[in-house]
Amino acid sequence: MRIALLGASGRTGAALVGQALDRGHEVVALARTPAKITASASPRLEIRRADVTRPSTFPGLSDADVVVSALGIGKGEGPGALVAGARRLASAGVRTVWLGALGSGVSSRSGGLIYAAVMRLVVGSELAEKAEADGIALDAGATVFHAPDVTDGPPSPSPVLVPLADLRRPLLPPRISRTTLASLLLDEAESGRHGNGIVVPVA
């Protein structure tokens, strides 16, 4: 497949680029600052500058089979990047797998009471933007991942995707490793199994 990866310069984005290349895909790595992309050179890797806050310069994605977004809100950035990114991908007309956050919007209580309290404390004002961006992605037909806390731990031996409606609320705050999350995002990009809706990656 030819997979476009938005947010390719971030830590989860870097994991996605590496794993997608390892699986034999062609990768279009999208980042506001291409020099920050750390992937090794490959004939199957194309890097494009993509600033979601500047729609007039955002590259076309019609040559991609699917887009996976690992876009986040970086330090020092003002509000609006997630919503702008969701709007750019919604207008691209390409099947999208969108990375959101458990504990935002409709999943505000789905991670458990402790997790909800931590999200309010750590993420705070960004929760509303995350929910708005998710809504735009969902309205455009995307599969939206509501990922729990992401760690640098080892890959999980048996991760699964659970539709949000079927998720059993955990007692302790849930976590997932970055490598596991990237693998599940790519699985969904390849299969399109879950279609339009919210799923939760469970390690």
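The structure we're discussing is the one just above.
Residues numbered from 1 in each chain as written. Predicted model: local features only at pLDDT ≥ 70, side-chain atom pairs only at ≥ 80, totals over all residues. Heavy atoms only, no water.

## Quick look at the sheet that holds strand S5 (residues 96–101)
Read across the sheet, 8 strands follow the order S3-S2-S1-S4-S5-S6-S10-S8 without closing on themselves; strand pairing throughout is mixed. A strand with exactly one partner marks an edge of an open sheet, and here the two such strands are strand S3 (45–49) and strand S8 (160–163). For this sheet, the mean angle separating the axes of adjacent strands, direction not counted, is 25°. Relative to strand S4 (residues 66–69), strand S1 (residues 2–6) is paired through 4 bridges, and the arrangement is parallel. By the bridge assignment, Ala4 is partnered in S4 with Val67. The sheet contacts of helix H2 (residues 81–92) involve S1, S4 and S5, and relative to S5 the element is tilted by about 165°. On top of the sheet, helix H5 (residues 178–191) reaches S1, S4, S5, strand S6 (143–147), S8 and strand S10 (197–202); it is set at about 165° to S6, its chief contact. (Pairing = 2+ DSSP bridges. Helix = DSSP H or I, 4+ residues; strand = E, 2+ residues; numbered from the N terminus. Axes fitted to C-alpha atoms, helices over the stretch in contact; angles between N-to-C directions. Contact = heavy atoms within 4.5 Å.)

## A word on the pairing of S1
Most of S1 sits out of view: 5 of its 5 residues are buried. Burial of the side chains of S1 extends over both faces: Arg2, Ala4 and Leu6 are buried on one face and Ile3 and Leu5 on the other. Pairing between S1 and strand S2 (residues 26–31): 5 bridges, direction parallel. When the bridges of S2 are listed, Ile3 appears paired with Val27. (Buried < 20%, exposed > 50% of the residue type's maximum accessible area, 1.4 Å probe, protein only.)

The analysis is restricted to geometry; functional conclusions fall outside its scope.
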